[in-house]
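Reading the structure
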Amino acid sequence: MNSIRLYVIFFLMHLKSMMQHKVSFFMTLIGQFLISFNVFLGVYFMMTRFNQVKGFSYSEVLLCFSITLMAFTLAETVFRSLDTFETIIGNGEFDRILLRPKNSLFLVLCSKVDLTRFGRLIQAVVMLVYGICYSSIKWTPLRCILVVLMILGGVCVFGAIYLIFACLCFFTLEGLEFMNVFTDGAREYGKYPIGIYGKTVLFICTYLVPFALFQYYPFLYLTGKSDNSWYSLLPLFSVLFLIPAFLLWKFGLKHYQSTGS
Amino acid sequence: MKKYWSFFRIRFIRGLQYRTAALSGMVTQFVWGSMEILLFRAFYQAAPENFPMTFEALSTYVWLQQAFLALYMVWFWESELFNSVATGDVAYELCRPVRLYDMWFVRGLAVRLSKAVLRCMPILVFSWFLPAPYGLTLPGDVKIWAITILSMTLGLLLIVAFNMIVYMSVFYTVSPQGIKLFVTSLAEFLSGSVIPLPFLPNHVRAIVELLPFASAQNVPFRIFAGDITGPDLTISILKQTFWLFAFVLIGRFLEKRALKRVVIQGG
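Residues numbered from 1 in each chain as written. Chains lettered and ligands numbered in written order. Predicted model: local features only at pLDDT ≥ 70, side-chain atom pairs only at ≥ 80, totals over all residues. Heavy atoms only, no water.

A count of helices and strands for chain A gives 14 helices and 2 strands. The C-alpha radius of gyration computed for chain A amounts to 19 Å, which stays within 12% of the reference 18 Å derived for 261 residues, consistent with globular compactness. Along the first, second and third principal axes, the C-alpha set of chain A runs to 60 × 40 × 35 Å. Per-residue burial over chain A gives 54% buried out of 261 residues. Considering only contacts in chain A between residues 6 or more positions apart, those separated by 24 or more positions represent 77%. Split by element, the accessible area of chain A, about 12,300 Å² in all, is 69% carbon and sulfur. Side-chain charges of chain A comprise 20 positive and 12 negative groups, with the mean position of each set lying 7 Å from the other. (Helix = DSSP H or I, 4+ residues; strand = E, 2+ residues; numbered from the N terminus. Rg over C-alpha atoms; globule rule 2.2 N^0.38 Å. Buried < 20%, exposed > 50% of the residue type's maximum accessible area, 1.4 Å probe, protein only. Contact = heavy atoms within 4.5 Å. Areas by Shrake-Rupley, 256 points an atom, 1.4 Å probe, with all protein chains shown as cover. Lys, Arg positive; Asp, Glu negative; His and termini not counted. Charge placed at Lys NZ, Arg CZ, Asp CG, Glu CD.)

A few words now on the overall build of chain B. When helices and strands are counted, chain B shows 12 helices and 0 strands. Written out in order from the N terminus, the α and β elements of chain B read α-α-α-α-α-α-α-α-α-α-α-α. Whereas a compact globule of 267 residues would reach a radius of gyration of roughly 18 Å, chain B reaches 20 Å, a difference of no more than 12%. In terms of overall dimensions, chain B has C-alpha extents of about 65 × 40 × 35 Å along its principal axes.

On to the state of the cysteines, then. Working definition: the covalent bond between the sulfur atoms of two cysteines is a disulfide. Tallied over the entire structure, the rule returns 0 disulfides over all chains. Looking at the unpaired Cys 156 of chain A, the closest cysteine sulfur is the one in Cys 167 of chain A, lying at 16 Å. (Disulfide = S-S within 2.5 Å.)

All names here are of chain A. Within this structure, the stated rule accounts for 18 salt bridges over all chains. A salt bridge links Arg 187 to Asp 184; its shortest N-O distance comes to 3.7 Å. Linking Arg 187 with Asp 184, this pair stays in helix H9 (residues 180-189), spanning 3 residues, or about one helical turn. Since its relative accessible area comes to 24%, Asp 184 is described here as partly exposed. The network of salt bridges with common partners includes Glu 76, Arg 80, Asp 83, Asp 114, Arg 117 and Arg 120. (Salt bridge = Lys/Arg side-chain N within 4 Å of Asp/Glu carboxyl O.)

Quick look at the confidence of the model for chain A now. Interpreting fine coordinate detail is not advised for predicted regions of low pLDDT. Confidence in the prediction for chain A averages 88 pLDDT; 98% of positions are at 70 or higher. The secondary-structure element of chain A with the lowest mean pLDDT is helix H4 (residues 85-90) of chain A, recorded at 84, while helix H14 (residues 242-254) of chain A shows the highest, at 92. (pLDDT = per-residue confidence, 0-100.)

Before going further, it helps to spend a moment on unusual backbone geometry. Backbone torsion omega between Ala 132 of chain B and Pro 133 of chain B reads -5°, so that peptide bond is classified as cis. For Pro 133 of chain B, the position within the fold is in the loop between helix H7 (100-129) and helix H8 (142-173). One non-glycine residue, Asn 51 of chain A, adopts positive backbone phi at about 65°. Its location among the elements puts Asn 51 of chain A in the loop between helix H2 (22-50) and strand E1 (52-53). A positive phi angle is found at Lys 54 of chain A, which is not glycine, with a value near 50°. Along the chain, the position of Lys 54 of chain A falls in the loop between E1 and strand E2 (56-57). The partly exposed category is assigned to Lys 54 of chain A, whose relative accessible area is 39%.

The subject of this paragraph is the environment of Val 39 of chain A. Residue and element names in this part refer to chain A. Take Val 39: it is sitting in helix H2. Through-space distance from the C-alpha of Val 39 to that of Phe 65 is 9.9 Å; in sequence the pair is 26 residues apart. Excluding its chain neighbours within four sequence positions, the residues that come into contact with Val 39 are Phe 65, Glu 188 and Lys 191.

Counting 176 residues, the largest nonpolar core has Leu 82, Phe 85, Tyr 192, Phe 211 and Trp 249 of chain A together with Phe 68 of chain B as the members making the most contacts within it. Considering each element in turn, this core owes the most residues, 17 residues, to helix H8 (residues 141-172) of chain A. Once residues lying within four places of it in the same chain are set aside, the contact partners of Phe 211 of chain A are Val 157, Phe 158, Ile 161, Phe 182, Ala 186, Ile 194, Cys 205 and Tyr 216 of chain A. Membership of the second largest hydrophobic core comes to 5 residues, among which are Met 18, Phe 25, Val 113 and Leu 115 of chain A. (Core = buried A, V, L, I, M, F, W, Y, C linked by side-chain atoms within 4.5 Å.)

By a widespread convention, an interface's size corresponds to the accessible area lost as its parts come together. Tallying the contact residues gives 34 residues for chain B and 29 residues for chain A. Regarding the contact of chain B and chain A, the summed buried area is about 2,900 Å², with carbon and sulfur atoms giving 75% of it. It is Trp 32, Met 35 and Phe 43 of chain B in chain B that bury the most area against chain A; as a group they hold 22% of the surface buried on that side. Counting across the chain B and chain A interface gives 0 salt bridges. Every element with two or more residues in the side of chain B that touches chain A is listed here: helix H2 (19-46), helix H9 (177-190) and helix H10 (202-208) of chain B. Among the elements that make up the side of chain B that touches chain A, the one with the highest residue count is H2 of chain B (15 residues). (Buried area = accessible area lost by both parts, 1.4 Å probe.)

Attention now moves to the packing of aromatic side chains. What characterises a pair of aromatic rings is the spacing of the ring centres plus the angle enclosed by the ring planes. For the structure shown, the criterion picks out 60 aromatic pairs over all chains. Plain terms: the ring middles of Tyr 192 of chain A and Phe 43 of chain B are 5.4 Å apart, the flat faces sit at 80° to each other, and that makes the pair edge-to-face. With Tyr 192 of chain A in the loop between H9 and helix H10 (199-208) and Phe 43 of chain B in helix H2, the pair connects residues from two separate chains. Phe 43 of chain B carries the same exposure label as Tyr 192 of chain A, and that label is buried. Between Phe 40 of chain B and Phe 199 of chain B, the aromatic rings sit 5.0 Å apart at their centres with planes inclined by 45°, giving tilted as the arrangement. Pair noted here: Phe 40 of chain B is in helix H2 and Phe 199 of chain B is in the loop between H9 and H10, with a separation of 159 residues, a long-range link. Per residue, the accessibility class of Phe 40 of chain B equals that of Phe 199 of chain B, and both read buried. Linked through ring pairs, Phe 33, Phe 37, Phe 40, Tyr 44, Phe 45, Tyr 58, Tyr 130 and Tyr 134 of chain A together with Phe 189 of chain B together constitute an aromatic cluster. A cation over a ring is seen here: Arg 143 of chain A above Tyr 221 of chain A, with NZ or CZ 5.6 Å from the ring centre. (Phe/Tyr/Trp six-rings, centres within 6.5 Å; stacked < 30°, edge-to-face > 60°. Lys NZ or Arg CZ within 6 Å of the ring centre and 35° of its normal.)

On to a nonpolar patch on the surface. Residues and elements named next belong to chain A. Side chains of Trp 230, Leu 233, Leu 236, Phe 237, Leu 240, Ile 243 and Leu 247 sit close together on the surface and give an oily, nonpolar patch of about 700 Å² of accessible area. Mapped onto the nonpolar patch, the elements with two or more residues apiece are helix H13 (234-238) and H14. Among the structural elements, Leu 240 can be located in the loop between H13 and H14. Of the residues examined, Leu 240 reaches a relative accessible area of 46% and is grouped as partly exposed. (Patch = residues over 30% accessible without salt bridge, like charges linked within 9 Å, V, L, I, M, F, W, Y side chains within 5 Å.)

Here is the structure:
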């Protein structure tokens, strides 16, 4: 309970500090929106030309796109500090965090909340509403819960990936650019249901990095392409991905030697 | 001329130092290219008759795009240049016996080329070995190679000239954020880096192809892939030349006007 209150205080602090530069904040917000709006335009023109892809209609693709985008954006907002963890290690801030009487991971998360990503969230919400209204899905309470579960599962999976990035920084002390393949790549190509990329990609995204568990399989059930109700539980399983990530963090923390400056 | 050449060399060699960044960039580009092709394959399987170009041409386009990303990415800005105008450091540059526009132009070219040189070869070779229709298809005609290289050069100069316009506009607005973001995302889409321009609906495409950004990566890659041939080829090259001249003229005009009334606050 105490932690939540502390997080709220940190959150308001970040919000206030961003509001000091209002113009810059809103410009970045608009920029975020425009950049991801391009991706939407790409999807829109492709879908008007082809009407459907592997049996998914335009509104279904948008629904899928919005779920991935929303999960990614929420994860990026909350876990942004892990994405730039090498700077926290590099400038010695992490050493200061270790001295504080609170969980170090929690304090790292508190150190940065990136609200400019909300520009993208607005787009995700608009697409989600459109997808919900115009797709041929028969909405039952269970299906509504499933959408929420998919988004939460996605946040956890992306969060776990960010956590793994940060753990690697313990050993390399610098950021590993190519790891962006997993986050930016998943955002970029998660705009379509993962299954359309073929069996190999689906295999990787099921067993190696569980993107498909919160995106593709539950989506099949959601759109009625599969009757397997087992699929609707898979977002919960994707949360399990946090466990190895967390163990890795513990391991990294144990072996962490300060950068020494 | 010689001073610009040495300036180019300094920047170019400096860019070559970032090898780890190039390596990770390469990994990203491999993944991106593969995913892009898998995505288009799904669409191709959905309705091959709606595909505006052959699949070989599309694969070639995608791989060239990934290999030469550094040459044509509109979103690549040098914040150092923006900052130098905002902070007034640009005064030092103005003291030098070189023209600001030319020096920054050369700098932009050098940075992009050094990035591209490190990354392009492995991607091109890798994609060449991929089985047809997913890999890079090389044109048999030597003439096409020559025209592609000419067109690529024009496209690169065009993009740098465009960057210059935006850099110069900072003299007028000081805060570059707004223009930068808006212009970047618009140009990205119009240049065909989100989806190749042939995939746009015909009426939209007709307008977009007249705009300057269609003269960047869109033209050389499609020439190489065999998607632009015959009279279209000549027209495309002419359009590229026209827009290049237009952008350079606008940029130089903005520079001249800005420098005439620029005030550097002492400090």
